[in-house]
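Observations on the model geometry
One-letter residues, chain by chain:
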Amino acid sequence: MPPLLEVRGLNRRFGGLHAVRDLEFDVEEGRIQALIGPNGAGKSTVFNMIAGALSPDGGDILYRGARITGRAAHAVAAMGIARTFQTTRLFPQMTVLENVQVGRHIRSSAGFLAGLFHPPWSWREEREIRRSAMETLEKLGLAALAGTTAGTLSFGQQRLAEFARALAMEPNLLLLDEPAAGLNMHETAALATLLTRIREWGITILIVEHDMSLVMDISDHIVVLNQGAKLREGRPAEIQRDPEVIRIYLGDDHA
Amino acid sequence: MEGRRYIPIVLLLLAAVGVQLTLSACDAAYYLTQLTMSLYYAIVAVGLSLLMGYAGQVSLGHAGFFAIGGYTAAVLATRNLAVEPGAMARALGAMGLLLQREDLYGQTIVYLSPWVSLAAAILLTSAVACVIGVPVIRLKGHYLAMATLGFGLIVYYTVLGAPGLGEADGFSDVPGFRLAGPLEVNGRSAFRVQNFYIACVLAAGVMALGGNLVRSRMGRALRAVHEGEEAAQSLGIHVARAKFGVFLLSALIAAVAGFFLTHYNGGIGPSEATALKSVRYLAIVAVGGMANLWGTLIMGVGLNFLSLRGAFGSFDDAVFGVILIAVMVLAPEGVFRRLPWPFRRKGGDDAAAA
């Protein structure tokens, strides 16, 4: 069986800047895999190309062995690839429950006509959307906030609600863009627990993150980027004592 | 349980009965004429609310869609097919799709059944909506507003300039639209009461369908698109398709309202297609609370009724401009935001359906 996600010879330029160059890595199913690197290493660019928010200039991205390179974001999502954003992007005027219900979009089918005429089969689907959204909220301990307008939540709650929305998609692969940014130590610890639980639910995670202790704690595999190219990959213990990695993070004096 | 969402619709129809009985009892049934017209205009605004309030897409050309519906009705109902009937006309006659009437001078006029022209209006509107919508709708920002503004102006100057479309005079002598049995969309006073009910039922139907849509999976998707396109996309929503779908729906509602009102008024003129009319619909949606179908309906009926009664005098168009500005400055969330159920859009999905 091929890896869940394969990145092959990926390239992306922004004008004169070669943001991602000949990048290759795999994401094996069932793992938590991290993509790390100093600022400007190209992590977010890679992330956005996988999510379909940005098209690559060259190379391929394969999901379950099939090419998804350059597909639109909604089509990538429909294949079971969920993502969160660096700054949370909940729908602020909708309730938490409604946000998570939108997360069921790819797992339901009522279109415009069914929406207008509300036939009995769509009642069942609508109940199912609601039930499953509530279940996701309960799993993340957000059930009490179901009726709250998302824009009024605290920062940490918003991040959790965005997780709930992504998980409601029942994704196979979850892409997380700096999920610990802006969280305090307690919240980061809770996040680490949550991520390992998500892995137990059978969801593969690819995470872009700055918080090194979080990355080292939870990752099964780490890919280190530097100036758009892969510098190293390996298990956290290997990455942690790699002199090259230490050098790019801390400067030459520490090598 | 599922039926509870239709309670406000039933209340609307009961209110209509109350209004009609009161007005008839007070010997003031002539008000029903303006109420009927106001209902058709309000239906356009309700359709626009789906597009603007829920999906966040601005249209400045809804008077154009209204006019497409109205002019289709007028052109096809006034063309005399008895004069030099072509093969097409003979084929339609063989299928029983032609009707006959006598005009003012006793001349027999053979014309297309309004049911056929309604289908033609729907097809034409869909085609036009595709031409405007498909290239523009995938762009972010206010391109749809600009494209529809341009479209509205094109429609206005076309109906004003084209000889086949009546130029500045527009059309008169548009016959009634026989729906079934004695039911007929017709502005003559003998039909006044039943036409008030026809308009009410049409409005109730649009409210029921619109209310269903906004509570559905697609309705949530539209609001999601409004509040964050990128996030909506990341959840698998085909943003361009969702936007186009609601644009088409909204355009069709406007065209059907225009079609009915033209048969009711017995004619249509270029003033129905002006940009000022489009702004008027926009102002009604804004004052109704944007994403608030009931607020839009009530404001649409109320303000159009006042306008048709001449309450705004020669400041008619200016009043709607002032309303639009006032709402934007003083109450951007609309006037109906604080009213209790059933007028307010509930925050928590639909508790009634749970």
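Computed from a prediction, not measured in an experiment: that's the story for all the values here. (Residues numbered from 1 in each chain as written. Chains lettered and ligands numbered in written order. Predicted model: local features only at pLDDT ≥ 70, side-chain atom pairs only at ≥ 80, totals over all residues. Heavy atoms only, no water.)

Helix and strand counts for chain B stand at 13 helices and 4 strands. Each of the 354 residues in chain B was classed as buried or not, and the buried ones make up 54%. Contacts in chain B between residues far apart in sequence, at least 24 positions, make up 76% of those at least 6 positions apart. Of the roughly 14800 Å² that chain B leaves accessible, carbon and sulfur atoms contribute 67%. (Helix = DSSP H or I, 4+ residues; strand = E, 2+ residues; numbered from the N terminus. Buried < 20%, exposed > 50% of the residue type's maximum accessible area, 1.4 Å probe, protein only. Contact = heavy atoms within 4.5 Å. Areas by Shrake-Rupley, 256 points an atom, 1.4 Å probe, with all protein chains shown as cover.)

What follows covers the side chain of B:Glu272. Note that B:Glu272 resides in the loop between α10 (239–265) and α11 (275–287). Residues within four places of B:Glu272 in sequence aside, it is in contact with B:Tyr41, B:Ala63, B:Phe66 and B:Lys277.

Residue and element names in this part refer to chain A. The assigned domain composition of chain A is domain 1 (1–80 + 172–255) and domain 2 (96–170). Between the C-alpha centres of domain 1 and domain 2 the distance comes to 27 Å. Both faces combined, the contact of domain 1 with domain 2 buries some 1100 Å², and carbon together with sulfur accounts for 74% of it. Its largest share of buried area at the contact with domain 2, domain 1 owes to Leu 174, Leu 194 and Trp 201, together 32% of the area lost on that side. The interface formed by domain 1 and domain 2 holds 3 residue pairs in polar contact (both at pLDDT 80 or more) in total. When residues of the side of domain 1 that touches domain 2 are traced back to their parent elements, those giving at least two are α2 (73–78), β7 (173–177) and α7 (185–200). Considering every element that reaches the side of domain 1 that touches domain 2, the biggest residue donor is α7, with 6 residues. Looking at the side of domain 1 that touches domain 2 residue by residue, the class counts come to 14 nonpolar, 3 polar and 3 charged. (Domains from an automatic or database assignment. Buried area = accessible area lost by both parts, 1.4 Å probe. Polar contact = N/O pair within 3.5 Å; in protein donor to acceptor, adjacent residues only side chain to side chain. Nonpolar A, V, L, I, M, F, W, Y, C, P; charged D, E, K, R; others polar.)

Turning our attention to the environment of B:Ala240. All names here are of chain B. Residue position: Ala 240 is located in helix α10. Placed 72 residues apart in sequence, Ala 240 and Phe 312 show a C-alpha to C-alpha distance of 40 Å. Among residues more than four places away in sequence, those in contact with Ala 240 are Ile 137 and Arg 138.

Further remarks concern the packing of helix α3 (residues 62–78) of chain B against α11(B). Residues and elements named next belong to chain B. Orientation of α3 relative to α11, taken along the N-to-C sense of each, is 115°, at an axis distance of 7 Å. The angle between the axes of α3 and α11 places the two elements in the roughly perpendicular class. For the pair α3 and α11, contact is made by His 62, Ala 63, Gly 64 and Phe 66 and by Lys 277, Ser 278 and Tyr 281, respectively. By residue class, the composition of the contact of α3 with α11 is 3 nonpolar, 3 polar and 1 charged. (Axes fitted to C-alpha atoms, helices over the stretch in contact; angles between N-to-C directions. Parallel < 35°, antiparallel > 145°, perpendicular 65-115°, else oblique.)

On to empty space enclosed by the protein, then. Within the structure shown, the criterion is met by 4 cavities of 30 Å³ or more. By volume, the second largest cavity amounts to about 60 Å³. As for the second largest cavity, its lining consists of A:Ala110, A:Ala114, A:Gly115, A:His118, A:Ser122, A:Glu126, B:Arg5, B:Asn212, B:Arg215, B:Ser216 and B:Arg217. Among the secondary structure elements, those contributing two or more residues to the lining of the second largest cavity are α4 (112–117) and α5 (120–139) of chain A. By residue class, the composition of the lining of the second largest cavity is 2 nonpolar, 5 polar and 4 charged. (1 Å grid on protein atoms, 1.4 Å probe; cavity = no way out; pocket = protein on both sides within 12 Å on 5 of 7 lines; lining within 4 Å. Points joined across faces, edges and corners; volume = space filled by probe spheres on them.)

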